[in-house]
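What follows is the residue order along each chain.
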Amino acid sequence: MNGVGWERVRMARLGGEAAVVGTRRREVVDLRQVSSQTVRLGRVQPQHPSHRTIYCNDSDANFIARFKSNSISTTKYNVLTFLPKGLFEQFRRVANLYFLMISILSTTPISPVSPVTNVVPLSLVLLVSLIKEAFEDWKRLENDNSINNTAVDVLQGQNWENMPWRKLQVGDIVRVKQDGFFPADLLFLASTNPDGVCYIETANLDGETNLKIRKALEKTWDYLAPEIADKFKGEIQCEQPNNSLYTFTGNLIIESQTLPLSPNQILLRVMMNSMSVPSKRSTLERKLDKLILTLFGGLFMMCLIGAIGSGVFINRKYYFLGLFDDVEGQFNPNNRFVVTILTMFTLITLYSTIIPISLYVSIEMIKFIQCAQFIDKDLHMYHAESNTPALARTSNLNEELGQVEYIFSDKTGTLTRNLMEFFKCSIGGEAYGTGITEIEKGQAERSGKKLSDDAKSDTAVHEKGFNFDDARLMHGAWRNEHDPEICKEFFRCLALCHTVLPEGDESPERITYQAASPDEAALVTAAKNFGFFFYRRTPTTVMVRESHVEMMGIKQDVSYEILNVLEFNSTRKRQSIVCRYPNGRLVLYCKGADTVIYERLSNASNDIRKVTREHLEQFGSAGLRTLCLAYRELTNDLYEKWNEKFIQAKSSLRDREKKLDEVAEIIEKDLILIGCTAIEDKLQDGVPVCIETLARAGIKIWVLTGDKMETAINIAYACNLINNDMKQFIISSETDAIQEAEEKGDPVEIARVIKDTVKNHLKQCLEEAHRYLHVSGQKLALVIDGKCLMYALDPNLRVNLLNLSLNCSSVICCRVSPLQKAQVTSLVKKGAHRITLSIGDGANDVSMMQAAHVGVGISGLEGMQAVMASDFAIAQFRFLTDLLLVHGRWSYIRLCKVITYFFYKNLTFTLTQFWFTFQTGFSGQRFYDDWFQSLYNVIFTALPVIIVGLFDKDVSASLSKKYPELYREGIRNMFFKWRVVAVWAFFAVYQSLIFYYFTTTASQNGHNSSGMIFGLWDVSTMAFSCAVVTVNLRLLMENVYFTIYVLLSTFYFYLTLLLVPVVALLSDFFYLGIQRWFFPYNYQIVQEIHRGEYEGVGSREFLEIGNNLTPDEARSYAILQLPREKSRHTGFAFDSPGYESFFASQQGVFAPIMAWDVARRASVRSKRTSHR
């Protein structure tokens, strides 16, 4: 859950408070549950039957249904489930499960290492992960408690009582005050406004910041005072809990009357409606899984070699091993198969360090800090205008940002500002507006012309939402046009057909409009400037102050009764209202996309249809967003018959939305075309430069938009996506063959013609593309519209579409639906296996963002739905440069270094143990001390690699943007290929051989200060120390090699290297000398007394054997009688310093210290015998 998710009541103009009844339709209702149980989010379990009944203001009746309480919980755990569920979550990772098995094996007698060797690292990893989980869940719990204890006024008897939200019950009547939050899903009953209206803000529900109107049923307007509200009784029959925010089906039964309920009476508190973003894993993480599997394969081969070697080596001829008949199964020469199997398990525990247990924790820590400290706090991605910083909503995909090859972008609000301005229009076949758009200026520059931006006329007006210049329409001049009546219809359609809410003083200068989209606000603002000032709205009326209608200079307030509103949605692509004039005239006004409006025009519009189509194309070519306006005169009889069907559809409990659309189709026909509007949406700052930089980085950008082809092409030109040097392939449904088929009206024939056309175009374009690429190397661009794209995505054609698209530098998809955006994204993601990023700012972009590897939301004017569904959020498109070229590239390189370094250092450490196995008869004898093996990953080599993962920079941020070509290395995955892994593996093998054989050979004849030769732990400690120092220095070389190279070429480096340590340690040398000679510790006195003495046994303790055995045989026999080690360590070689010498001295047997490995003992003994 992101935040609280409440709707906020705002009644700035209405003031006061609202009475509502809790329906809580989206909380779980389970008849088997008691009412006190806390609601767990995300577990929607609809009850039987298909609808449910809620009794208003009757707790006894509702008790039978045992609805759940209003307490909510977003936590993942509780006190009882934290440990088991948390551990279950951790052991879902293969690496953690593997180390759990190794830890269990290490407790068995076959394990050569102490359980602490594997238990300690695993425990540390689990502890860190569980602490992180506990901290995050504690924050959720604190948030839940804060919400559940929020106070609300609840009707108890005839008084309002203040109680926490968690105690609210289904059916209670509550009072919500101005700027308060809704404690549950509520049915709106009454408001202090006499018309039963309130304005709500749903920013926490769907991200929309615009005010929305809600209207109570007229039957319940009077239930406001507590003494009257206490008398309210009724039944609510509604649908079962669901996740739909914009639909509601239900009826209110009051006083034996059934009243239909719609979303206009429902006030939502979004809790169970919240949808989580799909879990995504980065490509690098998936490749890491393959590397881990490779390590598993290497581990198996090493264990198999050792197991087979053990089965072959075991033999009673090595009598000094004591392999008698009663020897344990792992060393019984009579059953070599059992020896092989048991040794296999022994070696698995011994070589377990080859799998880096701390890798996942280190990566999570690095990613989290990268997001929280670097991305979120980057001032280069902070938008001061809107006070919006960048936001990383997930830390799983940091490195994915450094490998993006394809960007899929929305146009409106993403490439453009989404600040709509009414710029031009066409009324009755006449075009109005003299301004020049940025796109038109760009077109002129490309053709070598220069357009001068002439001075504005005296009638030009420029305010928020309106930038229009044409004296023929301003200040009542439209009365002098050839058809002023059509002009009035145009202005009234703008002023009436909308859902805009006015705020502030009822004057043109001070009023502000709250609209669901910037387009709607711009159209209403245009009506105001044309003299049709919309200033007040009630649930049933719209007040418009009209100027110059009856006579120039005369203003009159006109009240229009709004009878029905047929709302806009992505399927209908239009909005209509039915209104009644003061004189009784009934009119349906409709506005929508040109394709939808033209399908519903009557023959009476034929005279201006063609001209308006030309104007639409001209406006589209200038980069303007167009909308068609139409109307229809209605008779009372026609309207009454239709309204009956509308009421029935509105009251339906099943398929209400579908039935409403069907009823709307009945009346939205035989329309008369009024004209069209053209709105300008200017480009965001820095978009062309950003796109050019990303193109240099090897990133291909596709624009997926719902706009017309002409508009999209011109925006692409303005953004530097397309230029005149490119070869353009255009696949459009605006062909003669397709238009002829559409005129015939046969759907089957239309589909066949479009499919054949698309198939031929794709084949032809693909052939041309190959020719251009092989001959001239010219860059290519593809433009395709939604109709053709629908058929191009057919399984039989999508391969050709994909091949053609991948050969193009830019692709523009026009007139596409949200589903098609997601399909195109998935086509490249799954078909081409390329890293994709989708960026958008609206709800229609959510599916596209969720389909891509990475989704980036822009916090724009279309609400926050895109941001809430995104992986990363930014305020401007241009910030993609920093997000990808800087943070993405750094994250990718850093994590590649971290992963390959972990692989290298663990392989180096384990191989050293592997070489030792060949010298111990493949017995599973350990080389390193248990604590060395336990702490190698989590202590000795942990911090340096984390520091590199956080702070390593190959080049600065400015150089990353100055040379965007560096980003291509990430696209080609240059730093995590198998070749790179093989190089690190080679270094691991080479260095492990050096660590083992160099130290063992060099210390073969070495003695300590007491004259004793080095034992196993002496040599292994030296090898371990060399390994730790070397792998850390190797990491340092990876980052400072260039600096070292420069230093090594200077004389001062060597001089400094010699003098500085000596001078720096002089004080320590004098201090230690003075302290030892004048202020010695007791142990130092003992050291001086016994300095030079032999620490072994004395000659007086040598065993004298008076029998017939030779001295060598007697000594060997005595050694065989020594007590054998009965512990978890199963290797042949002695695993403790002076083990053999210690027990020999206890028995009076002289045993000179020799090499520790069994194989070498046997070979040395055989050589001595042969020499004799």
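Residues numbered from 1 in each chain as written. Predicted model: local features only at pLDDT ≥ 70, side-chain atom pairs only at ≥ 80, totals over all residues. Heavy atoms only, no water.

A. Examining the overall build of the protein more closely. Scanning the protein from N- to C-terminus turns up 37 helices and 37 strands. Looking at the 1172 residues of the protein, the share that counts as buried comes to 52%. For the protein, long-range pairs separated by at least 24 residues make up 74% of all intrachain contacts whose partners lie at least 6 apart in sequence. Looking at the protein as shown, the accessible area adds up to about 54100 Å², and 57% of this sits on carbon and sulfur atoms. (Helix = DSSP H or I, 4+ residues; strand = E, 2+ residues; numbered from the N terminus. Buried < 20%, exposed > 50% of the residue type's maximum accessible area, 1.4 Å probe, protein only. Contact = heavy atoms within 4.5 Å. Areas by Shrake-Rupley, 256 points an atom, 1.4 Å probe, with all protein chains shown as cover.)

B. Representation of the sheet that holds strand E4 (residues 51-56). Sheet architecture is open: four strands sit in the order E4-E12-E13-E14, paired in antiparallel fashion. Two strands lie at the open edges of the sheet, namely E4 and strand E14 (257-261), each paired on one side alone. For this sheet the average axis-to-axis angle between neighbouring strands, irrespective of direction, equals 20°. Two elements, strand E13 (residues 250-254) and E14, share five bridges in a ladder whose sense is antiparallel. (Pairing = 2+ DSSP bridges. Axes fitted to C-alpha atoms, helices over the stretch in contact; angles between N-to-C directions.)

C. Fine view of the state of the cysteines. This model, assessed by the stated rule, comprises zero disulfides. Cysteine cysteine 719 remains unbridged, with the sulfur of cysteine 690 as its closest cysteine sulfur at 9.9 Å. For cysteine 719, a relative accessible area of 0% translates into the label buried. (Disulfide = S-S within 2.5 Å.)

D. Representation of the packing of helix H7 (residues 283-313) against helix H26 (residues 880-917) in the model. Across the interface, H7 lies against H26 with an axial gap of 12 Å and an inter-helix angle of 5°. The angle between the axes of H7 and H26 places the two elements in the roughly parallel class. Residue-level contacts link Leu284, Leu288, Leu291, Leu295, Met302 and Ile305 of H7 to Tyr892, Leu895, Cys896, Ile899, Phe903, Thr910, Leu911 and Phe914 of H26. Class assignment for the residues of the contact of H7 with H26 results in 13 nonpolar, one polar and no charged. (Parallel < 35°, antiparallel > 145°, perpendicular 65-115°, else oblique. Nonpolar A, V, L, I, M, F, W, Y, C, P; charged D, E, K, R; others polar.)

E. Inspection of the pattern of salt bridges at higher detail. In total, this model carries 39 salt bridges according to the counting rule given. The closest approach of N and O atoms between aspartate 505 and arginine 510, which form a salt bridge, is 3.3 Å. Residue arginine 510 is classed as exposed on the basis of its relative accessible area of 59%. Taken together, the shared-partner salt bridges connect Arg572, Arg574, Glu599, Arg600, Glu665 and Glu668 into one network. (Salt bridge = Lys/Arg side-chain N within 4 Å of Asp/Glu carboxyl O.)

F. Structural context of empty space enclosed by the protein. Evaluated as defined, the whole model comprises four cavities of 30 Å³ or more. Roughly 70 Å³ of internal volume is contained in the largest cavity. Around the largest cavity, the lining residues are Phe99, Thr117, Asn118, Pro121, Ser352, Thr353, Ile355, Ile357, Gln933, Ser934 and Asn937. At the level of secondary structure, the elements contributing two or more residues to the lining of the largest cavity comprise helix H4 (116-148) and helix H27 (930-940). (1 Å grid on protein atoms, 1.4 Å probe; cavity = no way out; pocket = protein on both sides within 12 Å on 5 of 7 lines; lining within 4 Å. Points joined across faces, edges and corners; volume = space filled by probe spheres on them.)

G. Region of interest: a positive patch on the surface. Among the surface-exposed residues, Lys779, Arg968, Arg972, Lys977 and Arg979 lie close enough to one another that they form a single positively charged patch. Here arginine 979 shows up in helix H31 (residues 978-1002). (Patch = residues over 30% accessible without salt bridge, like charges linked within 9 Å, V, L, I, M, F, W, Y side chains within 5 Å. Lys, Arg positive; Asp, Glu negative; His and termini not counted. Charge placed at Lys NZ, Arg CZ, Asp CG, Glu CD.)

H. Looking closely at the sheet that holds strand E33 (residues 780-785). Taking strand neighbours across the sheet as the criterion, the nine strands line up as E16-E37-E36-E35-E17-E31-E34-E33-E32 in an open arrangement whose pairing is mixed. This sheet does not close on itself; its edge strands, each paired only once, are strand E16 (391-392) and strand E32 (727-731). Pairing of E16 with strand E37 (residues 872-874), which is carried by two bridges, proceeds in the antiparallel orientation. In the strand pairing of E37, alanine 392 is matched with phenylalanine 872.

I. Molecular detail of the packing of helix H14 (residues 606-621) against helix H18 (residues 709-718). Taken N-terminus to C-terminus, the directions of H14 and H18 make an angle of 20°; their axes are 7 Å apart at the nearest point. On the basis of the axis angle, H14 is roughly parallel to H18. Read as a crossing pair, H14 and H18 show a hand that is right-handed. Of H18, the residues touching H14 (which contributes Glu617, Gly620 and Ser621) are Glu710, Thr711 and Asn714. (Left-handed = near helix turned anticlockwise from the far one by under 90°.)

J. Just the confidence of the model for the protein, in detail. Scored by pLDDT, the protein comes out at a mean of 80, with 82% of its residues at no less than 70. Taken element by element, the protein is modelled with least confidence in strand E1 (residues 8-10), mean pLDDT 37, and with most confidence in strand E28 (residues 586-592), mean pLDDT 95. Predicted confidence is poor over residues 273-277, with pLDDT under 50, and the contacts of this stretch with residues over four places away or in other chains come to eleven contacts. Note that residues 1124-1144 has pLDDT below 50 and, in this model, 64 contacts with residues that lie over four places away or in other chains. (pLDDT = per-residue confidence, 0-100.)

K. Region of the structure containing helix H3 (residues 94-105). Between its first and last C-alpha, H3 extends 17 Å over twelve residues, near the 16 Å set by a 1.5 Å rise per residue. Within H3, burial applies to Ala95, Asn96, Tyr98, Phe99, Ile102, Ser103 and Leu105. Looking at the buried residues of H3, the elements they touch are helix H2 (82-90), H4, H7, helix H8 (336-350) and helix H9 (359-375). (Expected span 1.5 Å × (residues − 1).)

L. Quick look at the pairing of strand E29 (residues 624-634). By the criterion of burial, E29 is predominantly enclosed, with nine of the eleven residues buried. Note that E28 and E29 share seven bridges and pair antiparallel. Residue pairing across strands places cysteine 590 opposite alanine 630, the latter belonging to E29. For E29 and strand E30 (residues 672-680), the ladder comprises eight bridges, and the chain directions are antiparallel. Within the sheet, the bridge partner assigned to leucine 624 lies in E30 and is glutamate 680.

M. Representation of the environment of phenylalanine 619 within the structure. Relative to the helices and strands, phenylalanine 619 resides in helix H14. Assessed through its relative accessible area of 4%, phenylalanine 619 is described here as buried. Separated by 60 residues in the primary sequence, phenylalanine 619 and isoleucine 679 place their C-alpha atoms 8.8 Å from one another. Contact partners of phenylalanine 619, with chain neighbours within four places excluded, come to Lys424, Cys425, Ser426, Ala431, Leu624, Thr626, Cys676 and Ala678.

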